[in-house]
Amino acid sequence: MTTSLKPWPALWSLVIGFFMILIDTTIVSVANPSIMRGLDTDINSVIWVTSAYLLAYAVPLLITGRLGDRFGPKNLYLTGLVVFTLASVWCGFAGSVGALIAARVLQGLGAAIMTPQTMAVITRIFPPDRRGAAMGLWGSVAGLATLVGPILGGVLVDGLGWEWIFFINLPVGIVGFILAARFVPRLPTNSHKFDILGVVLSAVGMFLLVFGIQEGETYDWGVIAGPISVWSLIIAGVVVLVGFVVWQRVNRGEPLLPLGLFRERNFSLGNAAISTIGFAVTSMSLPLVFFYQTARGLTPTQSALMLAPMAVISAVLAPFAGRLLDRVNPRNFAVLGTLLLASALVWYSLLLSPDTAIGWFLLPSALLGVANAFVWGPISNATTRALPPQQAGAGSGVFNTTRQVGAVLGSASIAVLIEARLAAEMPAGGAGAAPAGEIGGGLLPEALRAGFSTAMAQSLLLPAAVAVVGAIIVACFARPKAAVWGAPGAAPGAASGGAPGGAEPAVSRQ
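Conventions and cut-offs
- Residues numbered from 1 in each chain as written.
- Predicted model: local features only at pLDDT ≥ 70, side-chain atom pairs only at ≥ 80, totals over all residues.
- Heavy atoms only, no water.
- Core = buried A, V, L, I, M, F, W, Y, C linked by side-chain atoms within 4.5 Å.
- Buried < 20%, exposed > 50% of the residue type's maximum accessible area, 1.4 Å probe, protein only.
- Contact = heavy atoms within 4.5 Å.
- Helix = DSSP H or I, 4+ residues; strand = E, 2+ residues; numbered from the N terminus.
- Expected span 1.5 Å × (residues − 1).
- Bend = angle between axes of the 7 residues up to and from the residue.

S.K.: What's the story with the nonpolar core in this structure? I'm lost.
M.R.: Across soluble globular proteins, nonpolar side chains have a tendency to be buried as a group. In this structure, Leu 100, Tyr 348, Leu 352, Ile 379 and Met 456 are the most contacted members of the largest nonpolar core, which totals 124 residues. Apart from residues lying up to four places away in sequence, Leu 100 is in contact with Ile 35, Leu 39, Val 49, Cys 91, Ala 94, Trp 162 and Phe 166. Within the second largest apolar cluster, 8 residues are counted, among which are Leu 62, Leu 256, Phe 267 and Val 398.

Laid out in structure tokens, this is it:
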């Protein structure tokens, strides 16, 4: 049967699952030292627990957005939620780092199936004059999840063990499934052809690039095996990705990456900007958590609580920013947010020392909270608000892909930089001066703490620099048309893809 759509219950139902999968991009960071001890592994291997998830999350996003258009976003969302939840249980029972990485890959695939459906539903069920508030909520959830993840992870690791950062997803997944099945409507579908060659090229290119970057320091940027070197993998990854783009250009069928979307200036800039934010937010947590636990001896919960001001301030400010997005140029908020993000990371870098009073670290944490409130929602809104409904799945798939590509590269790059700076700053030959289990496995000997802190401080300058690049990109956003904002005198629904007169479309719930 058909009924008048109630978009807000549908959106809140989707937000539960979306929040859960985004938390899992950061919740592992605070558990890394405990996972290293529990599974008897090293820093590089435990970083792959995050990188494998991010890589499996990023690569399929282009096609899962299209699958939502073809089979319906509700069906795809529920399928992905089941895969993600079951994979989370597997993660908790993993007895080796290899098994954990494999389970995280499956978990990432489930997340990739779910994520594009949330943005597609927003674009399709909210009229343009109400889409800003909805996208503001979506964006604020994305920002809040990256902050809550480490805090929740710390509490669970200290109280129950690292396995419970994954087991907690089981009850949340069940509740999310019931609510989504009840409140998310079934939307009209469109036929699509699927670009299998495009999927293969994008997956192979991303894997070669990320593996080469992350494993470079392990092999001293030299030969891995036989004629295969680190640089040959990186170059091959770039070549394959260029081939992917060329194939998308010449493909006469239905390309995986609809390059025509990039004719919209804000869509192009927004995708570039969100990749820098994904890079910065993902890469910043690792140096901070290792510093707190390894150089200052804090427990996982204590180190996570050092990030509490971020979560609280972001949660308070983000809804206000979201409500203003239909009346104010999102670019203004986004420029402010990205610059504050970079400033907070530089501030952290200046403070990171074994002798700094611990209370000082709460100040840049608070500044990060302000930054996040003005980054996620405004960039998401400015990027996607002009997309017509028939391109909602493809557009959201591209947007989420670029965000996750940034996160993958951030995770891989910060791993390389940390290892390089540890080798340069740690006394008596670098990180090898302490056993692998001791680095990140508890408070370091006093003689090693200063060098370790300096290495972490220097590593934070990388996400800070990338955030500055993001601010420059955001500053180039074009001012959206008044009709898209729903400004006075603009007809509701005047933006491309809006329901005539701002009316909510009739859809089937069952």
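Now that the structure has been shown, we can carry on.
S.K.: What's the story with helix α2 (residues 27–39) in this structure? I'm lost.
M.R.: The α-helix advances 3.6 residues per turn, and as a result positions three or four apart in sequence lie on the same side. For α2, built from 13 residues, the straight-helix expectation of 18 Å at 1.5 Å per residue is met to within 8% by its first-to-last C-alpha distance of 17 Å. Its maximal kink placed at Pro 33, α2 deviates by approximately 50°. Those residues of α2 that fall on the buried side of the exposure criterion are Ile 27, Val 28, Ser 29, Val 30, Ala 31, Asn 32, Pro 33, Ser 34, Ile 35, Met 36 and Leu 39. Positive backbone phi, approximately 55°, marks Asp 40, located one or two places after α2.

S.K.: Which parts of the structure should I look at to understand the environment of Thr 384?
M.R.: Along the chain, Thr 384 turns up in helix α17 (residues 376–384). Between the C-alpha atoms of Thr 384 and Ser 396, which are 12 residues apart in sequence, the distance is 7.5 Å.

S.K.: Which parts of the structure should I look at to understand the environment of Cys 91?
M.R.: Structurally, Cys 91 can be placed in helix α5 (residues 73–93). Residue Cys 91 is classed as buried on the basis of its relative accessible area of 0%. A C-alpha to C-alpha distance of 8.1 Å links Cys 91 and Ile 101, two positions 10 residues apart in sequence. Not counting chain neighbours up to four residues away, the residues in contact with Cys 91 comprise Leu 100, Ala 103, Arg 104, Gln 107, Trp 162 and Phe 166.

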